[in-house]
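Structure at a glance
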Amino acid sequence: MSEDRLPRRSCGTLSASDAGDTHRVCGWVAHRRDHGGLVFIDLRDETGVIQVVADPVAAQVFEVAERVRHEWVLEITGTLDIRPEGTENQDLPTGEVELKASSLKVLAESETPPFVIDDRVEVDEALRLRYRYLDLRRPKMLAALRKRASAISAIRLAAEECGLLEVETPTLTRATPEGARDYMVPSRQHPGSAFALAQSPQLYKQLLMVAGIGGYYQITKCWRDEDLRADRQPEFTQLDIELPFAGVDDVLGVVEATVCSASQAIRGNAPDRPFPKMTWAEAMSRFGTDKPDLRIEGELKDLTSVFGGTEFRAFSAAISQGSRIVGLKSKGCPEGASRSWFDALIARATELGAKGLVWILVEPGGELRSPVAKFLSAAELEAIRDVLALQEGDIAMIVADAISVAREVLGRLRVELASDSTEAEREGAGEFAPFWVVDFPFAEWNENEGRLDPLHHPFCAPHPDDFEIISRGSDAIVEAGPESVRALAYDLVADGWELGSGSVRIHTRELQETVFEAIGIDPTEAEEKFGFLLEAFRYGAPPHAGFAIGIDRLIAVLQEEASIREVVAFPKTQTGSEPMTGAPAAIDGSQLASLGLSLKQSPRP
RNA sequence: GGGGGCGUGGUGCAGUUUGGAGUGCACGCCGGCCUGUCAAGCCGGAGGUCGCGGGUUCAAAUCCCGUCGUCCCCGCCA
């Protein structure tokens, strides 16, 4: 309005200490309450909401105030008053004061939005993504973006305090032969050739170690053309770290520093360091998964010894075939102890690959109820109660199967049953308690291909204690049992999420070639695919180790969101499309021509 | 590639099991009243291709087949 106008004040920052002065605010109409003779407007900007009062005494202001609608953009100047006694709003940070408008200018009108911009209104996610700019206008979403930014800023600071140098690596790179499918980028200058969008900076960061970088980090986008989940987007952000002359604990220390700084930024507190460690073997045996959710009560227990001399045929037969009997306690069942609930539980176990499932319910008074109770001796039942620490209302689930199957099935049920109950009922809900899973197996048997695959990637160093086995090749690994042959590889886990993984790397050509051989990559193939890395190792590569954290996941977990889409400004749907822009879109004919491409299949209309 | 959930005025739902007139609830929207509200309140009103296509039937939001979108999961994600 006036030429020498006041500086813009943020709506959410006005307080009693600003009262009595004239202020100028700009923002969106969050709500309007028209009392006929008095109009209240809640004006929202990125910092919060301030109540504006339009009084008929200021006729011009009042006339406009009666006309404005949701989401109109206004510039308002007025005096900040302490609210009349009894009209303060405790629920609003600015609830002690209100702006008495002396000037009200409409900067932009708005059509009625497709949904109300309010944290409390639930909207279909497809619609939110279609109008993401309106979705992001919701205070909760803006706060999520702000928390994300502050966490990333804190991470950079922590990384730099650890002496790391941020180095950018190419995102247009060469397709990696293994791992995820690549997003391909055809090149106009090289018809018939294409770049791949980087799945991770893995090889580049190792080359930076050879280059002599004292310690590297990068916060960067990575791309993987795989099917999506709540915790997976086709493009995601990774905190990538690599240290020269470093061992496992050096890396874990740096990662802990960055994770704690992110936690401090978002939650205002950080977990104790060092984070607890658990071996992969322990995670599998106690929880049936390599990313256990420790908030859930109940662990897997091996009950095989309990049934050494059992009369129960299903168990005795299983044991004689080398199967194990594994049990798991669950805290009650959500729908009471109905027969149909247990039937569904058994059906689910079968679906997950078990041959069957035995359940035992502890009834009020302590009696054990089970369809197979009559086949089990009193001593066996009491041993189950004892080993699983069963209490009234608990359910014991018992699976007799190959150890890997029994663990897999019970590990899944453990998580699925917990997600049926509410968050509040979970042990330790709300805590951020990350921990390390260390000593991952070096490789796993690929049933389909009939060969060993690296569990992490082919650049992980073997565990020194298992090096001898690996050096004798794939047959020796298979003979020893792939699960027992370890790599110096580790994951960071929290709340059942894999937040990141890393390893000590191989840094000599000789060992790298040995490892390639052990996992079935022959020298010709190795030369073609990773020749540049092997070549670099000829010129003095330092021992090095590193880690990569999924930033989207870390931030989602820190904000206790179930999906990373809640902490990504413009995420894609589960089918990898973007409802707002319509991406991906058909390729224009002239673009195809300039790339030297033709299509075999027309895109769907 | 596979399993499951959802799709009904602008939004969120109920209705679908057991076919019978587009029936209902809350919010939003439009109009009116209203000077202390704060997701204001009261009164009135408008607004529908029940995702789309096909089938069964005298009759389909409802049953069947197909398809699209979306969410969760399996496979996949070194």
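Think of each chain on its own: its residues are numbered from 1, step by step along the sequence as written. For this description, chains carry letters from A and ligands carry numbers from 1, given in the order in which they are written. Local features in this predicted model are restricted to residues of pLDDT 70 or higher, and side-chain atom pairs are both shown and tallied only at a pLDDT of 80 or more, whereas totals for entire chains, interfaces and linings draw on every residue. Neither water nor hydrogens contribute to the side-chain values; these are computed over all heavy atoms in the structure.

Between any two strands, at least two bridges found by DSSP are needed for them to pair. For helices the rule is a DSSP run of H or I covering at least 4 residues; for strands it is a run of E covering at least 2, with both sets numbered from the N terminus onward. In space, the eight strands of this open sheet follow the order β7-β11-β12-β24-β23-β22-β19-β13, with mixed pairing throughout. Lying at the two open borders of the sheet, with one neighbouring strand each, are β7 (165-166) and β13 (277-279). Inspection of the sheet shows strand β11 (residues 216-223) paired to strand β12 (residues 235-244) by eight bridges, in the antiparallel sense. Bridged to Trp223 within β12 is Glu235.

Moving on: helix α4 (residues 139-161). Owing to its 3.6 residues per turn, the α-helix brings residues three or four apart onto one side. To estimate the expected span of a helix, count its residues, drop one, and scale the result by 1.5 Å. Its 23 residues give α4 an end-to-end C-alpha distance of 33 Å, which sits within 8% of 33 Å, the value for a rise of 1.5 Å per residue. Partly exposed describes any residue whose relative accessible area lies between the buried limit of under 20% and the exposed limit of over 50%, with all areas from a 1.4 Å probe on protein chains only and scaled to the type maximum. Within α4, the full set of buried residues consists of Met141, Ala144, Arg148, Ala151, Ile152, Ala154, Ile155, Ala158 and Ala159. Contacts between residues were defined by any pair of non-hydrogen atoms, one from each residue, lying within 4.5 Å. Contact partners of the buried residues in α4: α2 (125-130), α3 (132-135), β11, β12, α6 (248-267) and α16 (551-558). After α4 finishes, the residue Gly163 shows a positive phi value of roughly 85°.

Ring pairs shown here join Phe, Tyr and Trp side chains whose ring centres sit within 6.5 Å, with only the six-membered ring taken for Trp; geometry is labelled stacked below 30 degrees between planes, edge-to-face above 60, and tilted in between. This model, assessed by the stated rule, comprises 12 aromatic pairs. Taking 6.5 Å as the distance between ring centres and 50° as the angle between the ring planes, the aromatic pair formed by Trp280 and Phe440 counts as tilted. Note that Trp280 is positioned in helix α7 (residues 280-287) and Phe440 in the loop between β19 (435-438) and β20 (443-446), a separation of 160 residues in sequence. We note that Trp280, like Phe440, is buried. Where Phe307 meets Phe315, the ring centres are 4.7 Å apart and the plane angle is 75°; that geometry is what we call edge-to-face. Of the two residues, Phe307 and Phe315, neither departs from the other in class, the shared state being buried. Whether a charge sits over a ring comes down to the Lys NZ or Arg CZ being within 6 Å of the ring centre and within 35 degrees of the ring normal. Stacked on the ring of Tyr131, the Lys or Arg Arg130 has its end atom at 4.6 Å from the ring centre.

Pairing in this open sheet of five strands is antiparallel, and the strands run β14-β15-β18-β16-β17 from one edge to the other. Looking along the sheet, the strands with just one partner apiece sit at the ends: β14 (300-302) and β17 (368-369). Here strand β15 (residues 324-330) runs beside strand β18 (residues 395-401); their pairing, made up of seven bridges, is antiparallel. Bridged to Ser330 within β18 is Ile395.

Within this document, salt bridges are pairs made up of a side-chain nitrogen of Lys or Arg and a carboxyl oxygen of Asp or Glu, the two lying within 4 Å of each other. Evaluation of the coordinates by the stated rule reveals 48 salt bridges. For Lys572, the salt bridge identified is with Glu235, shortest N-O distance 2.9 Å. One end of the pair, Lys572, is in the loop between α16 and α17 (589-595); the other, Glu235, is in strand β12, and 337 residues separate them in sequence. Among the residues examined, Lys572 registers a relative accessible area of 17% and is labelled buried. Notably, a salt bridge pairs Arg286 with Glu299, separated by 2.7 Å at the nearest N-O pair. Of this pair, Arg286 sits in helix α7 while Glu299 sits in the loop between α7 and β14; the two residues are 13 residues apart in sequence, bridging distant segments of the chain. By relative accessible area, Glu299 is classed as partly exposed at 25%. When salt bridges that share partners are traced, they join Arg128, Arg132, Asp135, Arg138 and Glu566 into one network.

This next bit is on the protein's contact with RNA strand B. The criterion for a residue being near a molecule or strand is simple. One of its heavy atoms has to lie within 4 Å of it. Taken together, 52 residues lie near RNA strand B, and Arg83, Thr87, Glu98, Glu226 and His456 sit nearest. In protein, a polar contact requires one atom able to donate a hydrogen and another able to accept it; more generally it is a pair of N or O atoms within 3.5 Å, and residues adjacent in sequence count only if both atoms are side-chain atoms. Between Ala230 and RNA strand B, the recorded distance is 3.3 Å, taken from a backbone N or O atom to a phosphate oxygen. Between Pro454 and RNA strand B, the recorded distance is 2.9 Å, taken from a backbone N or O atom to a sugar or linking oxygen. Those elements that provide at least two residues to the surface near RNA strand B are β2 (22-34), β3 (39-45) and α2. For this classification, Asp, Glu, Lys and Arg are treated as charged, while Ala, Val, Leu, Ile, Met, Phe, Trp, Tyr, Cys and Pro are nonpolar and the rest, including Gly, are polar. Classifying every residue of the surface near RNA strand B by side-chain character gives 14 nonpolar, 18 polar and 20 charged.

Before going further, it helps to spend a moment on the pairing of strand β5 (residues 73-82). For β5, the tally of buried residues reaches seven of 10 residues, placing the bulk of the element in the interior. Across seven bridges, the pairing between β2 and β5 is antiparallel. Paired with His23 across the strands is Gly78, a residue of β5. Bridge count between β5 and strand β6 (residues 97-108): 10 bridges; the pairing is antiparallel. Its bridge partner lying in β6, Val73 is registered against Ala108.

Attention shifts here to the domain arrangement of chain A. One can read the domain layout of chain A as domain 1 (8-108) and domain 2 (296-425). Its C-alpha centre places domain 1 at a distance of 61 Å from the equivalent point of domain 2. The domain boundaries here were taken from an automatic or database domain assignment.

Our next topic: the packing of α4 against α16. Contact pair α4 / α16: the axes reach a minimum separation of 11 Å and the direction vectors enclose 120°. By the criterion of interaxial angle, the relationship of α4 to α16 is oblique. In this structure, α4 meets α16 at a crossing whose hand is right-handed. Across the interface between the two elements, Arg148, Ala151, Ile152 and Ile155 from α4 touch Ile551, Asp552, Leu554 and Ile555 from α16. Axes, fitted as lines to C-alpha atoms, cover a helix only where it is in contact. Angles between the N-to-C directions of the axes lie from 0 to 180 degrees. Roughly parallel refers to an angle under 35 degrees, roughly antiparallel to one over 145, roughly perpendicular to one between 65 and 115, and oblique to any angle outside these ranges. Left-handed describes a crossing whose near helix is turned anticlockwise from the far helix by less than a right angle; the clockwise case is right-handed.

Residues Val255, Phe442, Leu492 and Leu554 are the most contacted members of the largest nonpolar core, which totals 77 residues. No other element matches α6, which puts eight residues into this core. Setting aside anything within four residues of it in sequence, one finds Phe442 in contact with Pro454, Leu455, Cys460, Pro462, Ile470, Ile477, Val485, Arg486, Ala487, Val515 and Ile519. Counting 23 residues, the second-largest nonpolar core is a separate cluster that includes Val25, Val29, Val39 and Leu43. In this text, buried Ala, Val, Leu, Ile, Met, Phe, Trp, Tyr and Cys residues form a nonpolar core when linked through side-chain atoms within 4.5 Å.

What follows is about the state of the cysteines. Cysteine sulfurs are considered disulfide-paired once they come within 2.5 Å of each other. Summed over the entire model, instances satisfying the criterion amount to zero disulfides. For Cys26, which is in no disulfide, the shortest distance to another cysteine sulfur is to Cys11 and amounts to 8.0 Å. By relative accessible area, Cys26 is classed as buried at 15%. Left unpaired, Cys260 is separated from the closest cysteine sulfur, that of Cys162, by 11 Å. Cys260 gets classed as buried once you look at its relative accessible area, which sits at 9%.

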